[in-house]
Amino acid sequence: MTEPTADQLIERYLALRDHVEAQSKAFTEYCKPFRDEMEQILAKTHEMLLALGGDKPSIKTAAGTAFTTTSKNPKIADRDAFLRFVGETWDQYGNAMLQLGAPQVSALQEFMDDHDGTLPPGVKIEPFTRVTIRKS
């Protein structure tokens, strides 16, 4: 058997790539109603969890458990104020706080813990709550 030529390899690669892309698109379309229903279930479950109140509500059933987790999504609201702050506190927070897009959550939490929950200058938080459902 002879080795395939570069032309044959490239032609086969492009055919496979096109096939995989077409099948991926078809699978995504097939999954859409299921994903939509899952989103509706998460939204309804989130309503139920909010109705329970409290810091860490959860719903435990024989089928599984639903609960929420909230993550911090720090954003730079005032770049100049933030950079001044980082420069002034470099030894304590600077390296971990100065990131390309936003401060590291762990460094931000350390600063907030040290300053009664206050944010560093120029930073804002957009909390994001996610509902998680897992098997028991």
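For clarity, every value in this text was computed on a predicted model and none was experimentally measured.

Observations concerning unusual backbone geometry
- One non-glycine residue with positive phi stands out, namely Asp116, at about 50°.
- Within the element layout of this structure, Asp116 appears in the loop between helix 4 (105–114) and strand 4 (123–125).

Remarks on the sheet that holds strand 5 (residues 128–135)
- Ordered in space as 1-2-5, the 3 strands form an open sheet in which the pairing is antiparallel. Two strands bound the open sheet, and with one partner strand each, they are strand 1 (58–60) and strand 5. Neighbour to neighbour, the strand axes of the sheet diverge by 20° on average, direction disregarded.
- With 3 bridges connecting them, strand 1 and strand 2 (residues 64–71) associate as antiparallel partners. Paired with Ile59 across the two strands is Ala66, which belongs to strand 2.
- Together, strand 1, strand 2 and strand 5 form the strand contacts of helix 1 (residues 6–52), whose direction differs from that of strand 5 by roughly 105°.

What about the nonpolar core?
- Judged by nonpolar contacts, Phe82, Phe85, Val86, Tyr93, Met97, Ala107, Leu108, Phe111, Met112 and Val123 together constitute the single largest core of 10 residues.
- For this core, the elements supplying multiple residues, two or more each, are helix 2 (79–88), helix 3 (90–97) and helix 4.
- The element contributing the most residues to this core is helix 4, with 4 residues.
- If we ignore the near neighbours within four places in the chain, the residues touching Tyr93 are Phe85, Ala107, Glu110, Phe111, Asp114 and His115.

Parameters and conventions
- Residues numbered from 1 in each chain as written.
- Predicted model: local features only at pLDDT ≥ 70, side-chain atom pairs only at ≥ 80, totals over all residues.
- Heavy atoms only, no water.
- Helix = DSSP H or I, 4+ residues; strand = E, 2+ residues; numbered from the N terminus.
- Pairing = 2+ DSSP bridges.
- Axes fitted to C-alpha atoms, helices over the stretch in contact; angles between N-to-C directions.
- Contact = heavy atoms within 4.5 Å.
- Core = buried A, V, L, I, M, F, W, Y, C linked by side-chain atoms within 4.5 Å.
- Buried < 20%, exposed > 50% of the residue type's maximum accessible area, 1.4 Å probe, protein only.

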